[in-house]
Amino acid sequence: MSNYPVDKPLPVITDQTRPFWQGAREGRLMLQKCSRCGTFNFHPKPWCIECGCRELVWTEAKPFGTVYSHTVSYAVAMNFKGWTDELPVVLCLVDLDDGARMYAQVTDCTPEQIHIGMRVQAYFEPISDEAGIPKFRPVERAA
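Residues numbered from 1 in each chain as written. Predicted model: local features only at pLDDT ≥ 70, side-chain atom pairs only at ≥ 80, totals over all residues. Heavy atoms only, no water.

### Some remarks on the sheet that holds strand S2 (residues 40-41)
Here is step 1: Taken in spatial order, the three strands line up as S2-S1-S3 in an open sheet, and their pairing is antiparallel. Two strands lie at the open edges of the sheet, namely S2 and strand S3 (56-60), each paired on one side alone.
Here is step 2: Relative to S2, strand S1 (residues 30-34) runs antiparallel, the two being bridged by two bridges. What sits directly across from Gln 32, in S2, is Asn 41.
Here is step 3: Here helix H1 (residues 18-25) sits on the sheet in contact with S1 and S3, set at roughly 135° to S1. (Pairing = 2+ DSSP bridges. Helix = DSSP H or I, 4+ residues; strand = E, 2+ residues; numbered from the N terminus. Contact = heavy atoms within 4.5 Å. Axes fitted to C-alpha atoms, helices over the stretch in contact; angles between N-to-C directions.)

### Side note on the nonpolar core
Here is step 1: Counting 24 residues, the largest nonpolar core has Leu 31, Cys 92, Leu 96, Val 106, Ile 114, Val 120 and Phe 136 as its most contacted members.
Here is step 2: Among the elements of the structure, H1, strand S5 (89-96), strand S6 (101-106) and strand S7 (119-126) are those that each provide at least two residues to this core.
Here is step 3: Among the elements that take part in this core, S5 stands out by supplying four residues, more than any other.
Here is step 4: For Leu 31, the contacting residues outside a window of four places in its chain are Phe 20, Phe 40, Asn 41, Phe 42, Val 57, Trp 58, Thr 59, Ala 61, Leu 96 and Ala 100. (Core = buried A, V, L, I, M, F, W, Y, C linked by side-chain atoms within 4.5 Å. Buried < 20%, exposed > 50% of the residue type's maximum accessible area, 1.4 Å probe, protein only.)

### Structural notes on the side chain of Gln 105
Here is step 1: Here Gln 105 lies in strand S6.
Here is step 2: The buried category is assigned to Gln 105, whose relative accessible area is 12%.
Here is step 3: For Gln 105, the side chain forms a polar contact with the side chain of Lys 135, separated by 3.3 Å.
Here is step 4: In this structure, Gln 105 is in contact with Glu 86, Val 89, Val 90, Leu 91, Lys 135 and Phe 136, ignoring residues within four places of it in sequence. (Polar contact = N/O pair within 3.5 Å; in protein donor to acceptor, adjacent residues only side chain to side chain.)

### Quick notes on unusual backbone geometry
Here is step 1: The amide bond that connects Phe 42 to the next residue, His 43, takes the cis arrangement and shows omega of 5°.
Here is step 2: Summarising the element assignment, His 43 is placed in the loop between S2 and S3.
Here is step 3: The phi dihedral of Asp 108 is positive, around 65°, even though this residue is not glycine.

### Notes on the environment of Gly 27
Here is step 1: In this fold, Gly 27 is placed in the loop between H1 and S1.
Here is step 2: Each C-alpha atom of the pair Gly 27 and Phe 42 lies 17 Å from the other, and the pair is 15 residues apart in sequence.

On their own, these measurements won't tell you what the molecule is for.
Now the structure itself:
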């Protein structure tokens, strides 16, 4: 019997997304990086969002960023009761230091503490034998 959540949805892992999910399972923030222009891409796709190049290399990104925007969910997300213990859930758009913007949960702070411009650091929660998920926490609380 695993210790992974059974009452939360798991991502559909494809050949295109597998390096992201496996990297998170290993505690690494893996993003596609364009071999032509150097742009980091999130979410995984077959071409660079900046120049259209199809030569993307999976690269470990810095696990730090800044809150660009945020919202707070006080209700059970998408009717999955597995999130009840985490309510309220703080969801953010995070501008990563390497340039990509990603959607993620921020933990270890109250909804009143979250603010645009807050520095955050990624940490990783295993969700299955083959996947983990990056979450963020305020830098001053990251340890």
